[in-house]
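Tertiary structure, described
Residues per chain are reported as follows:
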Amino acid sequence: QVQLVESGGGLVQAGGSLRLSCAASGSILSINAMGWYRQAPGKQRELVSLIISGGTTNYADSVKGRFTISRDNAKNTVYLQMNSLKPEDTAVYYCYVAASSGSKSNINPYWGQGTQVTVSS
């Protein structure tokens, strides 16, 4: 199994910055992708950003140029630097990891518990 521990959410004024972290632990064989989704009240969960093995990244159009995803492979940790935050960025942010674990080579999705990000206007 893979456990994810998130940190870094909070309350910030519009235009401010926050940095989210998510550390993966457990019997990890390999990590295929790491990233972040978010879910605002009354809305579906949406992809924010993803980084796959090899370093390729993608971003939702709404966060391009403001958010930066990075990964520390040695620590199995993914970061999301969020700058120029807007009230519409307010949501619960979930860490996502696609990994193989234990003795099985198949890739499974794992989710963090979620961390609240609130941006005030």
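Above this text is the structure in question.
As a starting point, this report considers the structure included with it. (Residues numbered from 1 in each chain as written. Predicted model: local features only at pLDDT ≥ 70, side-chain atom pairs only at ≥ 80, totals over all residues. Heavy atoms only, no water.)

**Observations regarding the sheet that holds strand β7 (residues 67-72)**
The strand order across the open sheet formed by four strands is β1-β3-β8-β7, and the pairing between neighbours is antiparallel. Either end of the sheet is taken by a strand with one partner, and the two such strands are β1 (2-7) and β7. Across this sheet, the average inter-strand angle for adjacent strands is 15°, counted without regard to direction. Here six bridges tie β1 to strand β3 (residues 18-26), and the two strands are oriented antiparallel to one another. The residue of β3 that forms the bridge with Q3 is S25. (Pairing = 2+ DSSP bridges. Helix = DSSP H or I, 4+ residues; strand = E, 2+ residues; numbered from the N terminus. Axes fitted to C-alpha atoms, helices over the stretch in contact; angles between N-to-C directions.)

**Concerning the environment of Y79**
Positionally, Y79 belongs in strand β8 (residues 77-82). The class of Y79 is buried, set by a relative accessible area of 14%. C-alpha of Y79 to C-alpha of S21: the two residues are 58 residues apart in sequence and 4.5 Å apart in space. Leaving out residues up to four positions away in the same chain, Y79 has contacts with R19, L20, S21, W36, T68, I69, S70 and D72. (Buried < 20%, exposed > 50% of the residue type's maximum accessible area, 1.4 Å probe, protein only. Contact = heavy atoms within 4.5 Å.)

No statement about biological role is implied by the geometric values presented.
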